[in-house]
Amino acid sequence: VKSNVALCTNTRNALRSLGKGRTMEGCIFGNVFISVLHPGTVIDPHCGPTNIRHRLHYPLQVPDTKAGVEVPKLRVAKQKATWKEGECFVFDDSIVHSVSFGEEGSAHSDDNAAGACGGCRVVLIVDLWHPDLTREERHA
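Bear in mind that the values here come from a model prediction, so they are computed numbers and not experimental data. (Residues numbered from 1 in each chain as written. Predicted model: local features only at pLDDT ≥ 70, side-chain atom pairs only at ≥ 80, totals over all residues. Heavy atoms only, no water.)

## What to know about the nonpolar core
Nonpolar side chains in soluble globular proteins generally cluster together in the buried interior. Filter applied, for reference: The definition of a nonpolar core used throughout is a set of buried Ala, Val, Leu, Ile, Met, Phe, Trp, Tyr and Cys residues joined through side-chain atoms within 4.5 Å. For each residue, the accessible area found with a 1.4 Å probe, counting protein chains only, is set against the maximum for its type, and the residue is called buried under 20%, exposed over 50%, and partly exposed in between. The helix and strand labels rest on DSSP assignments: H or I over at least four residues marks a helix, E over at least two residues marks a strand, and numbering proceeds from the N terminus. Whether two residues touch is decided by their heavy atoms; if any such pair falls within 4.5 Å, the residues are in contact.
Membership of the largest hydrophobic core is limited to eleven residues, which are Leu37, Val62, Leu74, Val76, Trp83, Phe89, Phe91, Val99, Phe101, Val123 and Ile125. For this core, the secondary-structure elements that each account for two or more residues are β4 (73–76), β6 (89–92) and β8 (121–129). Apart from residues no more than four positions distant in its own chain, tryptophan 83 is found in contact with His57, Pro59, Val62, Pro72, Lys73, Leu74, Phe89, Val99, Arg121 and Val123.

## Section: a nonpolar patch on the surface
Going by this rule: Any residue with relative accessible area above 30% and no salt bridge may belong to a patch, with like charges joined within 9 Å and the nonpolar Val, Leu, Ile, Met, Phe, Trp and Tyr side chains within 5 Å. In short, Shrake-Rupley with a 1.4 Å probe defines the accessible areas, and a residue's cover is counted only from the protein chains shown. Salt bridges are defined by distance alone: a side-chain nitrogen of Lys or Arg within 4 Å of a carboxyl oxygen of Asp or Glu.
Together, Ile34, Val36, Tyr58 and Leu60 line one region of the surface with nonpolar side chains, adding up to about 330 Å² of accessible area. Among the elements of the structure, β1 (32–37) and β3 (53–61) are those that each provide at least two residues to the nonpolar patch. In this structure, leucine 60 sits in strand β3. Using a relative accessible area of 41% as the deciding quantity, one classes leucine 60 as partly exposed.

## Focus on the sheet that holds β4
Threshold: Pairing between strands is defined by DSSP: at least two bridges between them are needed. Angles shown run from 0 to 180 degrees and are taken between the N-to-C directions of axes, each axis being a line fitted to C-alpha atoms and, for helices, limited to the stretch in contact.
What the four strands build is an open sheet, ordered β2-β7-β4-β5; its pairing is antiparallel. Edge positions in the sheet fall to β2 (42–46) and β5 (79–82), since each of these pairs with one other strand and no more. In this sheet, adjacent strand axes meet at a mean angle of 20 degrees when their direction is disregarded. Where β4 and β5 come together, four bridges link them in antiparallel fashion. The residue bridging lysine 73 from the neighbouring strand is threonine 82, located in β5.

## Quick look at the packing of aromatic side chains
Here is the rule: Each Phe, Tyr or Trp ring, with Trp reduced to its six-membered ring, pairs with another whose centre is within 6.5 Å; inter-plane angles below 30 degrees give stacked pairs, above 60 give edge-to-face pairs, and intermediate values give tilted ones. Working rule: Lys NZ or Arg CZ, within 6 Å of ring centre, within 35 degrees of ring normal, means a charge sits over the ring.
Scanning the model with the defined rule gives one aromatic pair in all. The ring centre of tryptophan 83 lies 4.7 Å from the NZ or CZ of arginine 121, which sits over that ring.

## Examining the pattern of salt bridges
Applying the stated rule across the entire model yields three salt bridges. The residue aspartate 93 makes a salt bridge to arginine 53 at a minimum N-O spacing of 2.5 Å. One end of the pair, aspartate 93, is in the loop between β6 and β7 (97–100); the other, arginine 53, is in strand β3, and 40 residues separate them in sequence. Assessed through its relative accessible area of 1%, aspartate 93 is described here as buried. Note on arginine 53: relative accessible area 6%, which makes it buried. With a closest N to O distance of 2.6 Å, arginine 55 and aspartate 127 form a salt bridge. Of this pair, arginine 55 sits in strand β3 while aspartate 127 sits in strand β8; the two residues are 72 residues apart in sequence, bridging distant segments of the chain. Pair check on accessibility: arginine 55 and aspartate 127 agree, each one buried.

Purely geometric stuff here, so don't read any function into it on its own.
This is the structure:
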């Protein structure tokens, strides 16, 4: 972990700027990771294991919206969202959500080659404490 953190100093600094007690550091349900979604990927409806967290998405790379190219979409309950580079959003991970990026299996093998992620959606995901939890509840 320490060697990965050393490679991501800007990310570490950004997380620290969120303020102490916002991220779920030290909690088994708290994660920070980079999600890479290839064209043709479908993530079936699912929900997080608990309602103690909200999930922040910070898009690092989003494919161009060229004519005829479907953009990746997130559906949370009945609401749809798309990612825009540099614009973060937060949602309640305990609500059923799913992701689609074009039709399942529509990606070409060349698009999924290692290092060839120009058409991928890349998002930094950070789990935050649910804002309605008290400090005592966060440390229970």
